[in-house]
Structure formats: C-alpha cells, structure tokens
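Chains, contacts and geometry: an overview
Listed here are the chains, written in short residue letters.
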Amino acid sequence: MAESTQIAVTHPLVLDMREDVDEIVAGLESDQKHISPKYFYDERGSELFDRICDLPEYYATRTELAVMQEHGDDLARLVGPHAQVIEFGAGCTCKIRVLLDHLIEPAVYMPVDISADYLVKQAESLASDYPDLHVHPVCADFTQPFKLPTHTVTPERNLVFFPGSTIGNFSRRQALDLLEVMAFEARHDGAALIGVDLRKDPAKLRAAYNDRAGITAQFNLNVLARLNRELGANFDLESFKHQAIYDEEKGRIEMRLVSKKPQRVTIAGREIDFAKDEYVITEYSHKYSVDEFRELARRAGFMPITAWVDDEGLFSVHFMRVQ
Ligand SMILES: C[S@@+](CC[C@H](N)C(=O)[O-])C[C@H]1O[C@@H](n2cnc3c(N)ncnc32)[C@H](O)[C@@H]1O
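Some remarks on the overall build of the protein chain
Assigned secondary structure in the protein chain consists of 10 helices and 14 strands. In terms of overall size, the protein chain behaves like a compact globule, its C-alpha atoms giving a radius of gyration of 20 Å where 323 residues would be expected to give roughly 20 Å. By principal-axis analysis of the C-alpha atoms, the protein chain measures approximately 60 × 40 × 35 Å. Taking all 323 residues of the protein chain together, the buried fraction comes to 56%. Sequence-distant contacts, at least 24 apart, represent 73% of the contacts inside the protein chain between residues at least 6 apart. Only carbon and sulfur atoms are counted for the fraction: they give 48% of the accessible area of the protein chain, which is about 14300 Å².

Structure below.
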C-alpha cells in the first residue's frame, strides 16, 4: 500500500447472527416463513454474489457499469471536485472504481457493508490502487441507525452511492425510509447516485434469477448453511431447492427456498416444521419505472436531476440532489 494512503476501519465486527436469533426464528415461525436477505452476505455469500454478477443471464451489473462508463464525465461534472463518496452495500467495489476514475480529485471513500471480512479486503485492495484517496470502510447494517466516522480530511460535498439495485430488496415503504437516511447522510448540498433495476419482460427477469449454472441457487442455499454453522441449525441443504418467481402486479422477483418434503428443522433449540412445497421467502427484488423511482426519491427529500438508462431500457442510474 502506498504511504500516502489512509485506511481506517470503523466497527470491524462481523454481523453476529446469534444477536439476531430471536428475529430470525420469529421469521421462520411466521405463517409465511421469511428471513432477511442481509444474512446472505457472509464471505462466501459475497463471493457467490460476485459470480452472479458475471453470469450471462444477469444483465444488471454489466448494464449498470456500461451506463456509468458512458455518462461518467457528465456525472463527474454534476458531482464536482473533492467529494466524499459514501457507498451503501459496497460489495466488490467494482462500480466505485468506474466512478473514481471519472470523479475530479475524489477525497474520501466510505464503503458501508455488513459483510465485514469481505469489506475490509476490498477496501484494502482499493486503497492500494488509489493512493491519494482516504478509504474508510464502515461495517454496519445500514437499515439501523449508524454513525459515519469523522476524519481529518474536509471534503467539499457528499455523494451517497447505492448501486446494484440493492434498493430493490426493500419494500417500497422501506425504500422510502432508506432514501430518507441517505438524504440525511448526503447533507446539505449533497447528492445521491442510485442504480435501480427497471420493470421489463418477465421472461428476462426470470432467467436472470434462475441461471443455468445454478449459482443463484447456491447463493440462496448458502443462507441455510450459515444458519447451520452460526446458529447450530440442522437444515439438510439437499432437502430444499431454490425458486425465483416474478410477480408482475407487484413488480417484484420473489426468491424462495422450497422444502422438497415434509420435515422438521431445529434451530436455536426451537423446532420448525415444513410441509412439502412450503417455502421461506429469502429476498424480494422490486423493479421500478424511472418515473416511479423519481417520485419515491422526491418524497424522501431529493430533487431528481437526471436518470440515465441503457438502450434496451433494462437498468437506470439516477443522480439527484438533496432538496
Ligand atoms: C446486491 S449486493 C450489491 C453489491 C454491489 N453494490 C453491486 O452493486 O454489485 C448487496 C450488498 O449490500 C450489502 N448489504 C446487504 N444488506 C445490507 C445491510 N442491511 N447493511 C449493510 N450492507 C448490506 C451486502 O453485503 C452486499 O455487499
């Protein structure tokens, strides 16, 4: 790492599932069994997600990257120099690299992610590639209040960056709450850059979440492996299968783990029964139209400035300022 690089890690803690055990068990005991998608992301989950991004059926990552490349200079002008970029759900940091390569003398980068080990590794690699940038990874659950660290550099403006359509994992109501947090973090004069997947041909969506190589299935089932390892559960992974359906009316993909047979699973001393074909909802991925998302952003206190969309109308990248 170059000597001028500053990397400081805040809250270097791994999300401890044991602290959330009551919430997790309550979700699995509900009439409609569910678990939050945030538990997908241990180190293996983050790596599997990276493999999903490279799949031929998963158009979202390459489309978003292409849109950012194409409009990078416009984006840099809109953001302005010496920005502090706060990335929510940073993952592999591949998109921030495209952004940093266009921004004018970016000052600080704060990736916020729940997948602690992966976050720190990615931040270290980024810091060594961008020696003039102050890199400050923050391990936090962005759905809960968290404090951004203060540091010695005084950036001129904040840019909240939220790519990958992670916003789609939240209901429209929760997305509004999250956008309000982002407007608060961006502060006066700040802005946000948010990648949002668009409503489209259901066949294309179904293919993207049911890839032929079965990587999305592995990613989905990894949450059960994690429950076994971290909470001493006894899920038999062979007895569950991945399923992703598109609900056109609600405009969302619903990812499930379906029980192949009647079975009883023990988790944290509680017994949970599954009927054959009963399923756990593991993730929603809401799709928007450009106008629908703009309206949501307005309600959260943003002024939409521009939204770039690829030629096929698959994915949108929204730039907006705090009102
Ligand atoms: C869908 S991936 C997107 C990754 C990357 N931003 C991209 O565009 O490819 C979601 C990322 O958000 C992180 N994440 C999910 N829920 C989170 C939460 N509640 N708090 C913090 N990070 C979260 C995951 O660890 C993962 O890195």
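On we go.
Some points on the packing of aromatic side chains
A full pass over the atoms with the stated rule returns 17 aromatic pairs. Relative to F293, the ring of Y288 has its centre 5.4 Å away and its plane inclined at 80°; by these criteria the two rings are edge-to-face. The pair Y288 / F293 is uniform in exposure class, with both members buried. An aromatic cluster is present here, built from F40, Y41, F49, Y58, Y59, Y209 and F219 joined pairwise through their rings. Of note, K33 hangs over the ring of F274, and the distance from its end group to the ring centre comes to 5.0 Å. For the cation-ring pair, R256 lies above Y279, with the distance from its terminal atom to the ring centre recorded as 3.9 Å.

Observations concerning the pattern of salt bridges
A full pass over the atoms with the stated rule returns 25 salt bridges. In this structure, D74 and R77 form a salt bridge, with 2.5 Å as the shortest nitrogen-oxygen distance. On the criterion of helical spacing, the pair formed by D74 and R77 is a turn pair, its members being three residues apart in helix α4 (residues 72–79). Given a relative accessible area of 60%, R77 falls into the exposed group. Here D291 makes a salt bridge to R294, at a shortest N to O gap of 3.8 Å. Separated by three residues within a single helix, D291 and R294 lie in helix α10 (residues 290–299), roughly one turn from each other. A relative accessible area of 22% means that R294 is categorised as partly exposed. A cluster of three or more residues bridged by salt bridges with shared partners is formed by D42, R226, R229 and E230.

Quick notes on the site of the ligand
The environment of the ligand is formed by 18 residues, the closest being G89, K95, D113, D141 and F142. Taking G91, its main chain carries an N or O atom lying 3.4 Å from an oxygen atom of the ligand. Taken by itself the ligand offers 590 Å² of open surface, and the protein chains cover 95% of this. Of the residues belonging to the shell around the ligand, the class tally is seven nonpolar, six polar and five charged.

Side note on the sheet that holds strand β12 (residues 279–286)
Within a sheet, adjacent strands bond to each other through the backbone by hydrogen bonds, running parallel or antiparallel. Taking strand neighbours across the sheet as the criterion, the three strands line up as β8-β9-β12 in an open arrangement whose pairing is antiparallel. This sheet does not close on itself; its edge strands, each paired only once, are β8 (240–247) and β12. In this sheet, neighbouring strand axes are inclined to one another by 20° on average, regardless of whether the strands run parallel or antiparallel. Taken together, the seven bridges between strand β9 (residues 252–259) and β12 define a ladder with antiparallel strand orientation. Looking at the pairing, L257 lines up with V280 of β12. The strands that helix α8 (residues 202–209) touches are β8, β9 and β12; relative to β8, the one it contacts most, it runs at about 160°.

Points about α10
Considered for burial, the residues of α10 that qualify are F293, L296 and A297. Each buried residue of α10 lies within a common arc of 100° when the element is viewed along its axis, so the set occupies one face. Facing away from the buried surface of α10 by more than 90 degrees, the exposed residues are D291 and R299. Looking at the buried side of α10, the elements it contacts are α7 (172–186), β7 (191–197), β13 (302–309) and β14 (315–322). Where α10 terminates, the next one or two residues include G301, which has phi positive at roughly 100°.

Digging into the nonpolar core
Looking at soluble globular proteins, one finds that nonpolar side chains tend to be buried together. Grouped together as the largest cluster of nonpolar side chains are 66 residues, with contacts concentrated most on I24, L99, L193, L227, F235 and I267. No other element matches the seven residues that helix α9 (residues 215–231) contributes to this core. If we ignore the near neighbours within four places in the chain, the residues touching L99 are M68, L75, V85, L159, F161 and L193. A140, L178, A300 and M320 belong to the second largest nonpolar core, which has 33 residues in total.

Observations regarding the layout of surface pockets
What the second largest pocket holds in volume is close to 210 Å³. If you trace the second largest pocket, you find 14 residues lining it, with Q84, L148, P149, T150 and R187 closest to the centre. Class assignment for the residues of the lining of the second largest pocket results in seven nonpolar, four polar and three charged.

Scoring rules and cut-offs
- Residues numbered from 1 in each chain as written.
- Predicted model: local features only at pLDDT ≥ 70, side-chain atom pairs only at ≥ 80, totals over all residues.
- Heavy atoms only, no water.
- Helix = DSSP H or I, 4+ residues; strand = E, 2+ residues; numbered from the N terminus.
- Rg over C-alpha atoms; globule rule 2.2 N^0.38 Å.
- Buried < 20%, exposed > 50% of the residue type's maximum accessible area, 1.4 Å probe, protein only.
- Contact = heavy atoms within 4.5 Å.
- Areas by Shrake-Rupley, 256 points an atom, 1.4 Å probe, with all protein chains shown as cover.
- Phe/Tyr/Trp six-rings, centres within 6.5 Å; stacked < 30°, edge-to-face > 60°.
- Lys NZ or Arg CZ within 6 Å of the ring centre and 35° of its normal.
- Salt bridge = Lys/Arg side-chain N within 4 Å of Asp/Glu carboxyl O.
- Near = heavy atom within 4 Å.
- Polar contact = N/O pair within 3.5 Å; in protein donor to acceptor, adjacent residues only side chain to side chain.
- Nonpolar A, V, L, I, M, F, W, Y, C, P; charged D, E, K, R; others polar.
- Pairing = 2+ DSSP bridges.
- Axes fitted to C-alpha atoms, helices over the stretch in contact; angles between N-to-C directions.
- Arc of directions from axis to C-beta.
- Core = buried A, V, L, I, M, F, W, Y, C linked by side-chain atoms within 4.5 Å.
- 1 Å grid on protein atoms, 1.4 Å probe; cavity = no way out; pocket = protein on both sides within 12 Å on 5 of 7 lines; lining within 4 Å.
- Points joined across faces, edges and corners; volume = space filled by probe spheres on them.

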